[in-house]
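Listed below, chain by chain, are the residues.
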Amino acid sequence: MFIETICILNGEVQNIEAHKKRMQETASNFKFNAPELPDIEALLTDGLRESKIKCRVCYHNDIISISFEKYIPRNILSLKLITIFPDYSFKFSNRKVINDLQKLKDGCDDILIVRNGLITDTSYSNVVFRKDNDFFTPNFPLLNGTKRQKLLENKVVKEAEISVDNVKQYDRVWLINALLDIEDNVSLSVNQIFE
């Protein structure tokens, strides 16, 4: 099974075409027909129209489940560098590989995964680094997230080869995903990234 995590902001589904496209790409890669998403906004009850809502769609050949919950960002104050080679180029509903890595965070709030010496993603987000008031995202993420794609398309961020060796050239790192944008300011100093 696969998942799409979709942001609903004040009753409006965000960036839906990117989610549909990723579902199509996933289905094509795994040789099945992607199901059609229903009208998600029509499924919202009144209590889900007033804030930021996390919509989780589980699917394979059909939509298996759709759930909603109020989104509360995590408070991330430290990241632990973890060198490992997980394949997470598609959003599987089974996140055991990523969840097992969380056991290695060694007192930090989350992990920052390193592959071939290059920074990739945290356990639940892409990352954006700042240098001289410009924003950069790693050019080889584990998952090419929908928010990351949108920020690149809108030229808010640029891709860069960000490695363990050059990460201290940046001053701050933001965590981004379908529910988190740079403006949400879930960020920390690169000095809070530990080996």
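Everything below is about the structure shown above.
A short tour of the structure in this document, coming up. Computed from a predicted model, the values in this text were never measured in an experiment.

### What to know about the environment of Q102
Among the structural elements, Q102 can be located in the loop between α2 (96-101) and β6 (110-115). What makes Q102 buried here is its relative accessible area of 18%. Measuring from C-alpha to C-alpha, the distance between Q102 and F135 comes to 27 Å, with 33 residues separating the pair along the chain. Look past the residues within four positions of Q102 in its chain and what remains in contact with it is R74, D110, I111 and S123.

### Brief notes about the nonpolar core
Formed by 24 residues in total, the largest nonpolar core has its most connected members in L112, I119, F129, I162 and I193. Aside from chain neighbours lying at most four places away, what touches I119 is L81, L112, I113, V114, V127, F129, P138, F140, I162, S163 and V164. One finds I8, M23, I40 and L48 within the second-largest nonpolar core, a separate group that totals 17 residues.

### Some remarks on the layout of surface pockets
One number sums up the size of the largest pocket: a volume of about 610 Å³. The set of elements that each furnish at least two residues to the lining of the largest pocket consists of β1 (2-9), β3 (52-59), β4 (63-70), α2, β7 (118-122) and α3 (146-153). For the lining of the largest pocket, the class distribution of residues is 12 nonpolar, 10 polar and 10 charged. Its volume calculated, the second largest pocket comes out at about 190 Å³. Taken together, 15 residues make up the lining of the second largest pocket; nearest its centre are C7, Q14, K147, A178 and D181. Breaking the lining of the second largest pocket down by element, the ones donating at least two residues are β1 and α3.

### Overview of the pattern of salt bridges
In this structure the tally under the stated criterion is 11 salt bridges. The partner of R22 in a salt bridge is E4, and the shortest N-O contact between them spans 2.8 Å. In this pair, R22 is assigned in helix α1 (residues 16-29) and E4 in strand β1, connecting sequence segments 18 residues apart. Pair check on accessibility: R22 and E4 agree, each one buried. Between D106 and K80 there is a salt bridge, with the nearest N and O atoms lying 3.9 Å from each other.

### Comments concerning the side chain of S163
Tracing the backbone through its elements, the reader meets S163 in the loop between β10 (158-160) and β11 (172-176). Taking relative accessible area as the criterion, S163 reaches 12% and is therefore assigned buried. Those residues in contact with S163 that sit more than four places away from it in its chain are G117, L118 and I119.

### A look at the packing of aromatic side chains
The final tally for this structure, using the stated rule, is 10 aromatic pairs. Measuring from centroid to centroid gives 5.3 Å for F2 and F92, while their planes differ by 35°, and the two rings are tilted. With F2 in strand β1 and F92 in the loop between β5 (79-83) and α2, this pair connects stretches of sequence that are 90 residues apart. According to the relative accessible area criterion, F92 is partly exposed, its value standing at 24%. Seen from their ring centres, F30 and F92 are 5.8 Å apart, and the 80° between their planes marks the pair as edge-to-face. Linking F30 in the loop between α1 and β3 with F92 in the loop between β5 and α2, this pair joins segments that are 62 residues apart in sequence. Among the aromatic side chains, those forming a connected cluster through ring pairs are F2, F30, F32, Y59, F90 and F92. Over the ring of Y124 we find R74; its NZ or CZ atom is 3.9 Å from the centre of that ring. Across from the ring centre of Y170, 5.0 Å away, lies the NZ or CZ of K131, which sits over that ring.

What counts and how
Residues numbered from 1 in each chain as written. Predicted model: local features only at pLDDT ≥ 70, side-chain atom pairs only at ≥ 80, totals over all residues. Heavy atoms only, no water. Helix = DSSP H or I, 4+ residues; strand = E, 2+ residues; numbered from the N terminus. Buried < 20%, exposed > 50% of the residue type's maximum accessible area, 1.4 Å probe, protein only. Contact = heavy atoms within 4.5 Å. Core = buried A, V, L, I, M, F, W, Y, C linked by side-chain atoms within 4.5 Å. 1 Å grid on protein atoms, 1.4 Å probe; cavity = no way out; pocket = protein on both sides within 12 Å on 5 of 7 lines; lining within 4 Å. Points joined across faces, edges and corners; volume = space filled by probe spheres on them. Nonpolar A, V, L, I, M, F, W, Y, C, P; charged D, E, K, R; others polar. Salt bridge = Lys/Arg side-chain N within 4 Å of Asp/Glu carboxyl O. Phe/Tyr/Trp six-rings, centres within 6.5 Å; stacked < 30°, edge-to-face > 60°. Lys NZ or Arg CZ within 6 Å of the ring centre and 35° of its normal.

In short, shape yes, function no, at least from these values alone.
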